[in-house]
Amino acid sequence: MDRLEQLKQFIGKEFDQSPSPFMKWLNPVILSVEEGHLEFQYRVRSEWLNPVGNLHGGVTAAIIDDIIGATMFSLNESSFITTINNVIDYFSTAKENDHIVAETRIIKRGKQFVNAQCEIWDAQKTRLIARGTSNLFKINN
């Protein structure tokens, strides 16, 4: 079974079989899976908050980096694809126990480089919390 099909098996469930220990800690529920496009839902936990009780920007950045990594996994490339950079814009906040949705898409898929985007929304997708873009590099194994 290819990696895309592995991800599809978890639609509607917690992704507890991720090869990434960090993703297991984030504990997302997979909402949808297509090649190069994922939607994961997260519940904001107390350890994700900054001192004023909002979703910490570093956790937001980590979610973006992690789900973009999973998006690379969905491409079924024979190469390992590693992050070169992340650029994140923050627009709004989330509070403890809020559900947030991270959605990815591939902007450009070249021979050596991939540019991907992730948007994090409130659960109803009416309020954009953050948007990140990432450049990634394919490393031949």
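Computed from a predicted model, the values in this text were never measured in an experiment.

(A) Expanded view of the overall build of the protein. For the protein, the helix and strand inventory stands at 3 helices and 6 strands. For the protein, the α and β elements follow one another from N to C terminus as α-α-β-β-α-β-β-β-β. The C-alpha atoms of the protein give 14 Å as radius of gyration, which agrees with the globular expectation for 141 residues (14 Å, within 12%). Taken over the C-alpha atoms alone, the protein extends approximately 45 × 30 × 25 Å along its principal axes. Taken over 141 residues, the protein has a buried fraction of 44%.

(B) Region of interest: helix H3 (residues 57-74). End to end, H3 covers 26 Å across 18 residues, agreeing with the expected 26 Å (1.5 Å per residue, within 8%). Among the 18 residues in H3, 13 count as buried, and that is most of the element. After H3 finishes, the residue Asn76 shows a positive phi value of roughly 55°.

(C) Geometry of the environment of His37. Position of His37 relative to the elements: it lies in strand S2 (residues 37-43). With 59 residues separating them in the primary sequence, His37 and Glu96 have C-alpha atoms 27 Å apart. Within the structure, His37 has its side chain in polar contact with the side chain of Glu103 (distance 3.4 Å).

(D) Quick peek at the UniProt feature "domain: Thioesterase" (unreviewed entry) in the protein. The sites that carry the UniProt feature "domain: Thioesterase" (unreviewed entry) are, in the present numbering, residues 53-126. Spanning residues 53-126, this segment combines 24% helix with 43% strand, and its end C-alpha atoms are found 21 Å apart.

(E) Broad picture of the pattern of salt bridges. Applying the stated criterion to the full structure yields 8 salt bridges. A salt bridge links Lys8 to Glu5; its shortest N-O distance comes to 3.8 Å. Of this pair, Lys8 and Glu5 both sit in helix H1 (residues 3-8), 3 residues apart, which is roughly one turn of the helix. Accessibility expressed as a relative area gives 34% for Lys8, which makes it partly exposed.

(F) Up close: the packing of aromatic side chains. The final tally for this structure, using the stated rule, is 7 aromatic pairs. Relative to Trp48, the ring of Trp25 has its centre 6.1 Å away and its plane inclined at 45°; by these criteria the two rings are tilted. Placement of the pair is Trp25 in helix H2 (residues 21-26) and Trp48 in the loop between S2 and H3, with a sequence separation of 23 residues. Aromatic ring contacts, followed pair by pair, group Phe10, Phe15, Phe22, Trp25, Phe40, Tyr42 and Trp48 into a single cluster. A cation over an aromatic ring shows up here: Arg3 above the ring of Phe73, its NZ or CZ 5.3 Å from the ring centre. Lying over the aromatic face of Trp25, Arg45 brings its terminal NZ or CZ to 4.8 Å of the ring centre.

(G) Spotlight on the nonpolar core. In terms of nonpolar packing, the biggest core is built from 35 residues, with Phe40, Tyr42, Trp48, Ile63, Met72, Ile100 and Ile120 touching the most fellow members. If one sorts the elements of this core by residue count, H3 sits on top with 8 residues. The residues touching Ile63, leaving out its near neighbours within four places in the chain, are Leu26, Tyr42, Trp48, Ile100, Ala102 and Ile120.

Conventions we followed
- Residues numbered from 1 in each chain as written.
- Predicted model: local features only at pLDDT ≥ 70, side-chain atom pairs only at ≥ 80, totals over all residues.
- Heavy atoms only, no water.
- Helix = DSSP H or I, 4+ residues; strand = E, 2+ residues; numbered from the N terminus.
- Rg over C-alpha atoms; globule rule 2.2 N^0.38 Å.
- Buried < 20%, exposed > 50% of the residue type's maximum accessible area, 1.4 Å probe, protein only.
- Expected span 1.5 Å × (residues − 1).
- Polar contact = N/O pair within 3.5 Å; in protein donor to acceptor, adjacent residues only side chain to side chain.
- UniProt positions renumbered as here; feature names shortened; annotations may be inferred.
- Salt bridge = Lys/Arg side-chain N within 4 Å of Asp/Glu carboxyl O.
- Phe/Tyr/Trp six-rings, centres within 6.5 Å; stacked < 30°, edge-to-face > 60°.
- Lys NZ or Arg CZ within 6 Å of the ring centre and 35° of its normal.
- Core = buried A, V, L, I, M, F, W, Y, C linked by side-chain atoms within 4.5 Å.
- Contact = heavy atoms within 4.5 Å.

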